[in-house]
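# Coordinates in review
Spelled out from the first residue to the last, the chains are:
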Amino acid sequence: MSDKIETTGHLWDENLAELTNQPPGWWMLGLYSSLAFMIIYAILYPTIPLVTTYTKGIMGWTAVKEYKQDLASLDEIRSKYEAQLPSKSVAEILADEDLSQYVVRSAKVLFGDNCAACHGTGGAGNPSYPVLVDDDWLYGGAIDIIHQSITNGRKPMMPRMGMAGQELTEAEVDTLANTIHNGTVVSEPLYTSKGCVGCHTPQGTGMQAIGSADLTDKIWRFAAEDQLDGIKYTINHGVNDPSDPKTRNAEMPKFGGTKLSDTDIKKLAVYVHKLGGGQ
C-alpha cells in the first residue's frame with residue numbers, strides 16, 4: 001500500500017486498511033440537513049417523552065386534536081343529510097336519490113356491526129340465514145316491510161308434520177319432500193290433503209303475510225349438503241315448533257326500541273332494499 005495515503009492504523013490481512021478520507025460533500029450535506037430537520041421538528045411538534053409528560057412543540061399539534069378537527073368537518077358535511085332523516089319515512093328517503101345514496105354509504109358500517117354476522121358481508125347470506133341480495137322474500141321486499149322486519153323482528157312457525165304421532169308417515173314425508181325438491185309439489189295429492197295449502201297456498205308460492213316459504217322456486221334457506229335431506233328434516237321437525245326439541249330455530253331479533261335508533265333502522269332498511277333484492 002502506498003505510504004502517501006494516510007490511514008487510521010487499522011490494518012487487516014496486510015492489504016485492507018481503514019483510510020482517513022472524509023465522506024463526500026453531498027453525504028455530509030444530507031447529514032447536516034437531517035440534523036437541522038430533526039431540531040426544527042422537535043421545536044414545532046411533540047417529540048421527546050419525559051417522566052410524566054412530553055415536549056409539546058410550539059405548534060400545539062396532536063394526533064387527537066387533528067382527528068377531532070377532521071371528525072367535526074365530516075359531521076358538518078353529514079349534518080345536512082342527518083337533519084332530514086328523523087322527519088322522513090323510509091319511502092321518502094328511498095325516493096330522494098341524493099339522500100338515499102348518502103344513507104347507503106353511511107349504513108354500511110351499521111350493517112357490518114348488526115347484520116353481517118347472520119346475513120353475510122354484503123347480504124349474501126350465511127348458511128341457514130336469508131340472502132338479502134335476491135328477490136326471494138318470505139315477508140316481502142317492499143321498503144316498509146323491510147323497515148318493519150328490522151324494527152320488530154320476525155319469528156315464523158311451521159309445525160312439525162312428520163315423526164311419530166304427527167300428520168305424515170315416513171313414506172309420505174319422503175314423497176312430499178321429493179316433489180318439493182323437484183318443484184312439482186302442487187301435483188302431489190298429499191300437499192292438499194295434509195293441509196300444506198293452508199300456509200303455502202294452492203300454487204305453492206307461499207304467503208308473505210305469514211312468512212311461509214315459496215315451494216316452487218327451489219330456493220332453500222336451510223340448505224344442506226343434500227338438499228333433499230334438509231327438506232325432509234324441515235317437514236319432520238318444523239320451524240320454531242315448541243313441541244319439538246329438534247325443530248329448526250329461525251328467529252330474527254327486533255332492533256327497535258333500545259338496540260338501534262329509529263334513524264339507524266331507517267338507514268338499514270334503505271341499505272337492505274338497495275342491495276338489489278328490494279321490491
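Every chain is numbered on its own, with residues counted from 1 as its sequence reads. Residue-level local features of this predicted model are given only where pLDDT is at least 70; pairs of side-chain atoms are given and counted only at 80 or more, and the full residue set underlies all totals for whole chains, interfaces and linings. Heavy atoms throughout the structure, all of them, feed into the side-chain values; hydrogens and water do not.

### What about the overall build of the protein?
Which entries qualify depends on this criterion: Helix numbers and strand numbers start at the N terminus; a helix is a DSSP run of H or I with at least 4 residues, a strand a run of E with at least 2. To sort residues, take the accessible area from a 1.4 Å probe on protein chains only and compare it with the maximum for the residue type: under 20% means buried, over 50% means exposed, and anything in between is partly exposed. Residues count as neighbours in contact if any of their non-hydrogen atoms are within 4.5 Å of one another. Under this rule, positive means Lys or Arg and negative means Asp or Glu; His and the chain ends count for nothing. For the purpose of locating charges, the reference atoms are NZ of Lys, CZ of Arg, CG of Asp and CD of Glu.
Along its length, the protein carries eleven helices and two strands. Its helices and strands taken in sequence order, the protein reads β-β-α-α-α-α-α-α-α-α-α-α-α from the N to the C terminus. Each principal axis of the C-alpha distribution contributes one length, and for the protein these read about 115 × 60 × 35 Å. Each of the 279 residues in the protein was classed as buried or not, and the buried ones make up 30%. Considering only intrachain contacts with a sequence separation of at least 6, the fraction spanning at least 24 residues in the protein is 53%. A gap of 7 Å separates the mean positions of the 23 positive and 34 negative side-chain charges of the protein.

### Thoughts on the environment of histidine 273
With respect to the secondary-structure elements, histidine 273 resides in helix α11 (residues 262–277). Along the sequence, histidine 273 and histidine 147 sit 126 residues apart, while their C-alpha atoms lie 9.4 Å from each other.

### Topic: the pairing of strand β1 (residues 7–12)
The following threshold applies: A pair of strands counts as paired when DSSP detects no fewer than two bridges linking them.
Inspection of the sheet shows β1 paired to strand β2 (residues 16–19) by three bridges, in the antiparallel sense. Bridging from a neighbouring strand, tryptophan 12 pairs with leucine 16 of β2. The hairpin turn running from β1 into β2, its antiparallel successor, is three residues long, and aspartate 13 in that turn takes a positive phi close to 55°.

### Observations concerning the packing of aromatic side chains
Rules: Stacked, edge-to-face and tilted are the three classes for Phe, Tyr and Trp ring pairs, Trp counted by its six-membered ring, which pair at centre distances within 6.5 Å; planes under 30 degrees apart are stacked, over 60 edge-to-face, the rest tilted. Only Lys NZ and Arg CZ are tested; either one counts as a charge over a ring when it is within 6 Å of the ring centre and within 35 degrees of the ring normal.
Scanning the entire structure with this criterion turns up five aromatic pairs. For the pair tyrosine 41 and tyrosine 45, a centre-to-centre distance of 5.0 Å together with 35° between the ring planes defines the contact as tilted. Classification of tyrosine 41 as partly exposed rests on a relative accessible area of 36%. On the basis of relative accessible area, tyrosine 45 is assigned to the partly exposed category, the value being 25%. Among the aromatic residues, those joined into a cluster by ring pairs are Phe37, Tyr41, Tyr45 and Trp61. Cation over ring: lysine 56 sits above tyrosine 54, and NZ or CZ is 4.6 Å from the ring centre. Its end group placed over the ring of tyrosine 139, arginine 154 keeps NZ or CZ at 4.1 Å from the ring centre.

### Here's the deal with a nonpolar patch on the surface
How we decide: Surface patches are defined over residues having more than 30% relative accessible area and no salt bridge, joining like charges when they lie within 9 Å and nonpolar side chains (Val, Leu, Ile, Met, Phe, Trp, Tyr) when within 5 Å. Residue exposure ignores everything except the shown protein chains as possible cover, and the areas themselves are Shrake-Rupley values with a 1.4 Å probe. For this analysis, a salt bridge means a side-chain nitrogen from Lys or Arg found within 4 Å of a carboxyl oxygen belonging to Asp or Glu.
Residues Trp26, Trp27, Leu31, Tyr32, Leu35, Met38, Ile39, Ile43, Ile58, Met59 and Trp61 make up a contiguous nonpolar surface patch of roughly 1200 Å² in combined accessible area. Looking at the secondary structure, you find leucine 31 in helix α1 (residues 25–44).

### Considerations on unusual backbone geometry
Of note in this structure, serine 128 is not a glycine but carries a positive phi near 75°. Tracing the sequence through the fold places serine 128 in the loop between α5 (116–119) and α6 (143–152). Of note, the phi angle at threonine 201 is positive, near 70°, even though the residue is not glycine. Relative to the helices and strands, threonine 201 resides in the loop between α9 (197–200) and α10 (227–237).

### Things to note about the domain arrangement of the protein
Condition: Those domain boundaries reflect an automatic or database domain assignment.
Along its sequence, the protein is organised into domain 1 (1–67), domain 2 (77–154 + 254–274) and domain 3 (170–237). Just the C-alpha atoms count here: the centres of domain 1 and domain 3 sit 77 Å apart.

### Details of the nonpolar core
How we decide: Only buried residues count toward a nonpolar core. Its members are Ala, Val, Leu, Ile, Met, Phe, Trp, Tyr and Cys residues joined through side-chain atoms within 4.5 Å.
Grouped together as the largest cluster of nonpolar side chains are 26 residues, with contacts concentrated most on Phe111, Ile150 and Leu268. Put simply, the parts of the chain that give this core at least two residues each are α3 (90–95), α4 (97–114), α6 and α11. Apart from the residues lying within four places of it in its own chain, the contact partners of phenylalanine 111 are Ala116, His119, Gly120, Gly122, Gly123, Leu132, Leu268, Tyr271, Val272 and Leu275. Core analysis: the next-biggest nonpolar cluster, separate from the first, contains 14 residues, Leu168, Val173, Cys196 and Ile231 among them.

### What about the packing of helix α7 (residues 170–182) against α10?
Helix-helix packing: each pair is described by the crossing angle between the helix axes and the interaxial distance. What counts here: Axis lines are fitted through C-alpha atoms, for helices just across the contact stretch, and the angle between N-to-C directions can take any value from 0 to 180 degrees. Convention used here: angles under 35 degrees read as roughly parallel, angles over 145 as roughly antiparallel, angles from 65 to 115 as roughly perpendicular, and any remaining angle as oblique. Two helices crossing with the near one rotated counterclockwise from the far one by less than a right angle form a left-handed crossing, whereas a clockwise rotation gives a right-handed crossing. Asp, Glu, Lys and Arg are counted as charged, while Ala, Val, Leu, Ile, Met, Phe, Trp, Tyr, Cys and Pro are counted as nonpolar; the rest, among them Gly, fall into the polar class.
Contact pair α7 / α10: the axes reach a minimum separation of 9 Å and the direction vectors enclose 125°. With respect to each other, α7 and α10 are oriented oblique. Regarding α7 and α10, the two cross each other, and that crossing is right-handed. Each of Val173, Asp174, Leu176, Ala177, Asn178, Ile180 and His181 in α7 lies in contact with α10, whose residues at this interface are Gln227, Leu228, Ile231, Lys232, Ile235 and Asn236. Taken together, the residues of the contact of α7 with α10 sort by class into seven nonpolar, four polar and two charged.

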